[in-house]
Amino acid sequence: MTQRAVGPSGDEPNRSSVPSGTDRPVMIDAGSELDPVHPVGLPAPGGGRGLTAAEVAERIARGEVNDVPVRSSRSVREIVRANVFTRFNLIIGVLWVIMLFVAPIQDSLFGFVIIANTGIGIVQEWRAKKTLDSLAVIGEAKPTVRRDGVAAEISTSEIVLGDLVELGPGDKVVVDGTVAEADSLEIDESLLTGEADPVLKRAGDPVMSGSFVVAGGGAFAATKVGREAYAAQLAEEASRFTLVQSELRSGISTILKYVTWMMIPTAIGLIISQLVVKDDNFKDSVARTVGGIVPMIPEGLVLLTSVAFAIGVVRLGRKQCLVQELPAIEGLARVDVVCLDKTGTLTEGGMDVTEVRPLNGADEPYLRRVLAAFGASDPRPNASLQAIIDAYPVPDGGEGGEGWRVTQALPFSSARKYSGAAFEEAAGQPSGWLLGAPDVLLPEDDPALTEIEQLNQQGLRVLLLARVDGPLDDPATATGADPSALIVLEQRLRPDARETLAYFADQRVATKVISGDNAVSVGAVAAKLGLPGAEHTMDARKLPTDPDAMATAMEENTVFGRVTPQQKREMVAALQSRGHTVAMTGDGVNDVLALKDADIGVSMGSGSEATRAVAQIVLLNNSFATLPSVVAEGRRVIGNITRVATLFLTKTVYSVLLAVLVVCFQVEYPFLPRHLTLLSTLTIGIPAFFLALAPNKERAHPHFVRRVMRYAVPSGTIAAAATFATYLIARHVYAGPGSLDAETSAATLTLFLVSMWVLAIIARPYTWWRICLVVAMGVAFLIVLVVPWLQDFFALKLVGTTMPWTAVGIAVIASAALEYAWRLVSRRFPVQGSGGPPERRTAGPATSRRRSHPWS
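Enquirer: How should the overall build of the protein chain be read in this particular structure?
Expert: When you go through the protein chain residue by residue, the secondary structure sums to 28 helices and 21 strands. A buried classification covers 58% of the 856 residues belonging to the protein chain. Considering only contacts within the protein chain whose residues lie at least 6 apart along the sequence, 76% involve residues at least 24 apart. Surface accessibility of the protein chain: about 33100 Å² in total, with carbon and sulfur atoms responsible for 59%.

Enquirer: When you look at the packing of helix α16 (residues 497-506) against helix α22 (residues 627-665) in this model, what are you seeing that I'm missing?
Expert: Between α16 and α22, the shortest axis-to-axis distance is 10 Å and the interhelical angle comes to 30°. When the axis of α16 is compared with that of α22, the two are roughly parallel. Between α16 and α22, the residues in contact are T500, Y503 and F504 and L627, P628, V631 and A632, respectively. Considered class by class, the residues forming the contact of α16 with α22 number six nonpolar, one polar and no charged.

Enquirer: Please clarify how unusual backbone geometry should be interpreted in this entry.
Expert: What you tend to see is this: most non-glycine residues have negative phi, and most peptide bonds are trans. A cis amide bond, omega -5°, links R764 with the succeeding residue P765. One can find P765 in the loop between α25 (739-762) and α26 (768-786). With a phi angle near 60°, Q320 is a residue other than glycine that sits in the positive phi range. Structurally, the position occupied by Q320 is in the loop between α9 (299-317) and β8 (321-323).

Enquirer: How do you make sense of the environment of T611 when you look at a structure like this?
Expert: As for its position among the elements, T611 is in helix α21 (residues 609-614). By relative accessible area, T611 is classed as buried at 0%. In the structure, T611 is positioned 439 residues away from K172 in sequence and 9.1 Å away in space, judged by C-alpha atoms.

Enquirer: Help me understand the environment of M263 in this model?
Expert: Its location among the elements puts M263 in helix α7 (residues 247-277). Taking the C-alpha atoms as reference, M263 lies 9.5 Å from S655; in sequence the two are 392 residues apart. M263 has contacts with I91, M296 and I297, leaving out every residue within four places of it along the chain.

Enquirer: Can you help me understand the pairing of strand β3 (residues 164-167) in this one?
Expert: On β3, burial covers both faces: L164 and E166 on one face and V165 and L167 on the other are all buried. Relative to β3, strand β1 (residues 144-147) runs antiparallel, the two being bridged by two bridges. Following the sheet pairing, R146 is matched in β3 by L164. Inspection of the sheet shows β3 paired to strand β7 (residues 212-224) by four bridges, in the antiparallel sense. When the sheet's bridge partners are listed, L167 is paired in β7 with G218.

Enquirer: Can you walk me through the side chain of K512 in this structure?
Expert: Among the secondary structure elements, K512 is positioned in strand β16 (residues 510-514). At 7.7 Å, E555 is the nearest oppositely charged side chain to K512, a buried residue that forms no salt bridge. Among the polar contacts made by the side chain of K512, one reaches the main-chain carbonyl oxygen of M554 at a distance of 2.8 Å.

Enquirer: Explain the pattern of salt bridges to me, please; I cannot follow it from the model alone.
Expert: Opposite charge on two side chains permits pairing when their charged atoms draw close. All told, the structure shown has 21 salt bridges when counted by the stated rule. A salt bridge links E633 to R315; the shortest N-O distance between them is 3.6 Å. Of this pair, E633 sits in helix α22 while R315 sits in helix α9, and the two are 318 residues apart along the sequence. The partly exposed category is assigned to R315, whose relative accessible area is 29%. Taking the shortest distance from any N to any O, the salt bridge between E668 and R731 comes out at 3.0 Å.

Enquirer: Is there a simple way to think about the confidence of the model for the protein chain in this case?
Expert: Should pLDDT be low for a region, the predicted coordinates there are not to be read in detail. A residue-level look at the protein chain finds 82% of positions with pLDDT of 70 or above and a mean pLDDT of 77. Scored below 50 in pLDDT, residues 234-245 shows 33 contacts in the model against residues more than four places distant or in partner chains. Segment residues 397-402: pLDDT under 50, and 17 contacts once partners within four positions in sequence are set aside and those in other chains are kept.

Enquirer: How do you make sense of the packing of α9 against α22 when you look at a structure like this?
Expert: When two helices pack together, their arrangement is given by the angle between their axes and by how far apart the axes lie. Close contact between α9 and α22 brings their axes to 10 Å; oriented N to C, the two are set at 170°. Taken together, the axes of α9 and α22 are roughly antiparallel relative to one another. Contacts between α9 and α22 involve E299, G300, L301, L304, T305, A308, F309, I311, G312, R315 and L316 on the former and, on the latter, S629, V630, E633, R636, V637, I641, V644, A645, F648 and K651. Among the residues making up the contact of α9 with α22, the classes are represented as twelve nonpolar, four polar and five charged.

Enquirer: I would appreciate a short explanation of α16 in the present structure.
Expert: Residue pairs three or four apart in sequence face the same way in an α-helix, which turns once every 3.6 residues. Every buried residue of α16 is accounted for by A497, T500, L501, Y503 and F504. One side of α16 carries all its buried residues, which in axial view fall inside an arc of 155°. Among the exposed residues of α16, those oriented more than 90 degrees off its buried face are E499 and D506. Buried residues along α16 sit against β9 (337-340), β16 and α22. Positive phi appears at R508, one or two residues downstream of α16, with a value of about 60°.

Conventions used here
- Counting from 1, residues in each chain are numbered in the order their sequence is written.
- Reporting of local features is limited, given that this is a predicted model, to residues whose pLDDT is at least 70; pairs of side-chain atoms are given and counted only at 80 or more, and all residues count toward the totals for whole chains, interfaces and linings.
- Hydrogens and waters are ignored; side-chain quantities use all the structure's heavy atoms.
- A run of DSSP states H or I qualifies as a helix once it reaches four residues; a run of E qualifies as a strand once it reaches two. Both are numbered from the N-terminal end.
- Categorising residues by exposure relies on relative accessible area from a 1.4 Å probe, with only protein chains included: less than 20% of the type maximum marks a residue as buried, more than 50% marks it as exposed, and the intermediate range marks it as partly exposed.
- Any pair of residues with heavy atoms lying within 4.5 Å of one another is described as a contacting pair.
- A 1.4 Å probe and the Shrake-Rupley method give the accessible areas. Residues count as covered only by the protein chains that appear here.
- Axis definition: a line fitted to C-alpha atoms, limited for helices to the stretch in contact. Angles are taken between N-to-C directions and run from 0 to 180 degrees.
- What sets the label is the angle itself: under 35 degrees gives roughly parallel, over 145 gives roughly antiparallel, 65 to 115 gives roughly perpendicular, and the rest give oblique.
- Three classes are used: nonpolar for Ala, Val, Leu, Ile, Met, Phe, Trp, Tyr, Cys and Pro, charged for Asp, Glu, Lys and Arg, and polar for all others, with Gly counted as polar.
- At least two DSSP bridges between two strands are needed for those strands to be called paired.
- Think of it this way: Lys and Arg go in the positive column, Asp and Glu in the negative one, and His and the chain ends go nowhere.
- Any carboxyl oxygen of Asp or Glu that lies within 4 Å of a side-chain nitrogen of Lys or Arg is treated as forming a salt bridge with it.
- A 3.5 Å cut-off defines polar contacts: any pair of N or O atoms within that distance qualifies, except that in protein one atom must be a possible hydrogen donor and the other a possible acceptor, and neighbouring residues in sequence count only when both atoms are side-chain atoms.
- pLDDT measures how confident the predictor is about each residue, on a scale from 0 to 100.
- By construction, the arc corresponds to the directions joining the helix axis to the C-beta atoms.

Put into structure tokens, the structure is as follows:
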């Protein structure tokens, strides 16, 4: 780093257009008239060269290396342990061992199913681990370290104690250290301290890992590396593969907790009833007891949730999308407002200078020299300044003269909306310049603003170059600026932005464009892309400070300009106060606070290190068009898990109720484990796997546990009542040897038919493959009933005609009751979006409501 970073203009400080560590001449050389610029604020020549190769080798030998193993996923051992050693696997494992000793192998099938399911879970999560690990390497930040006087990018893990690490706007402080060089260096430590205001750092001041640069530049010497660094453990934890802290996961945990407490007394009662009260064959009693306990456990629900999440990670990984926190997949499914940063999202990073309009009789060739000086003085130009550099490059040669020397620099600030530089010109004459937003640097009554407004309405970006006298960092200096030229820039629209905005509109997700640029200009760009409500623009400087009034303004408008970083944060909070689930996209340092506060933060892969660090999702291909895929994946996961959870919990409810009825009526439990293994496989296991991976575009809704139980409890109750009624009737119809088998077969037929009707309801709305899935399960059960060896294997044989048709009739009545119960629940608890009172959820035209089937 040989010079301070002079920000461009009213442009938001996105990523650097020049890779970190790339040398750029920090001087103006318009021929021989210009001298090389001597670095300002840096050590005297010969200082600041960093460690030598020998010193680096010595520190590596001593182990003074930043080798913290930051993991993006769980280890293979943790994956195996998490999938194998579960509470329910332990219960089922014990029951399986018992069954292997007391019953035929077909009554132990449930154990083999658990082994297969656990294996599937391990394989899928291992695939997700490989995807996450490979993507994490791609998205890893590479700080610039100076060694032997040469700056080069290295991996964070290669930094050693005492390394001289260079800093520029957007760079993240990766280890603790002490500032060695500072040039208007401002560090944001909000991620560590919660304090939003940047801290001005001088030589000798400490810097902490986890903070990041918002303005200026410099370098620091690493004083703590590895696990000693302040944020090392935090960074490791933040980037770790996790399946917790989401409504879906916590909801399932809550359900399992209640199921456990219900299961314990019910199982005890069933054991006493079958082994003590009923004086029957011991082995048969044990088998039927186990048959009553096993189906109470919704063990497949946890597995299927993990598999769905893991497959989601793999699918998104193929699209170059790094999910740093797995619950982010679920969170995006609930999003109903997306806040977009125009630059880098709707527009590409590049711009083109279309025109320079001199003001107040300024000399155009002289203005070009000033613009070249501005561009060459910044080693890290962003998009708008890079356009100026491309349009006005420093000539390689020319006629004689003396050089321009940089005497002062003012880094760009999102709060100021301008940057500056002061020069000692060819003849020794001083000059000071500001480059930034015209409506900030010009008084409200300036006639040039009318001309600028016309350009903004065309979607063009306009910067003002103004000459000033006095210190650049004095606000009074900007007030007295003398306008010299308007620089007109044309932004390059992303070719995929139109389709992406149309997707969000179709999905009833409101889009808010939040930018530091002029609101009219941003609105014109949004209108070109067909954004609904693009005509509703607002200058953020006119936003009310009252949170409730700001929330109203946010809901009524679509495009916001001249937004400061702090306002972005307040705008996100205002939308959240109205019950909205907010996703924020960005790639610049000024987006970090809003990204951190939003429900879901999305960063571009080429964005600043700070934004990538706080975002839950990183689009490594820098394509905004990837976001619909992420949203769709989240909706698929949570929507389908809600569907299949109802299947699993319906089984749990009817199993518990059947056990209670058996205890109360003091009768044999009607089923052997093989019967419920067959029923679970055909009505839950196989269908749930396909349903969990099916497309699902409906936005997720809150209160997962409540919504699932509203349907599972009545469904399980009806299924248990119908099945037990058939069983009691069969006990009066059949008598003599083999009667229990006949009674079991009749009860099994009723339970299967009722469970199939639950599956048919959950499979709605019907598609060809869902119809085929339901029909295939019915055909499979019919095959079991008609093939002799399968009848013997599963101990299922319908005796006579009266009882089987009675079982069918009871199932039909129960199915009609199911339809009524589900419709009643849907009417009493209609779906109302993703949270908050429905009458307040008016984030814009894209959030209109429509009534739908709960599983549509």
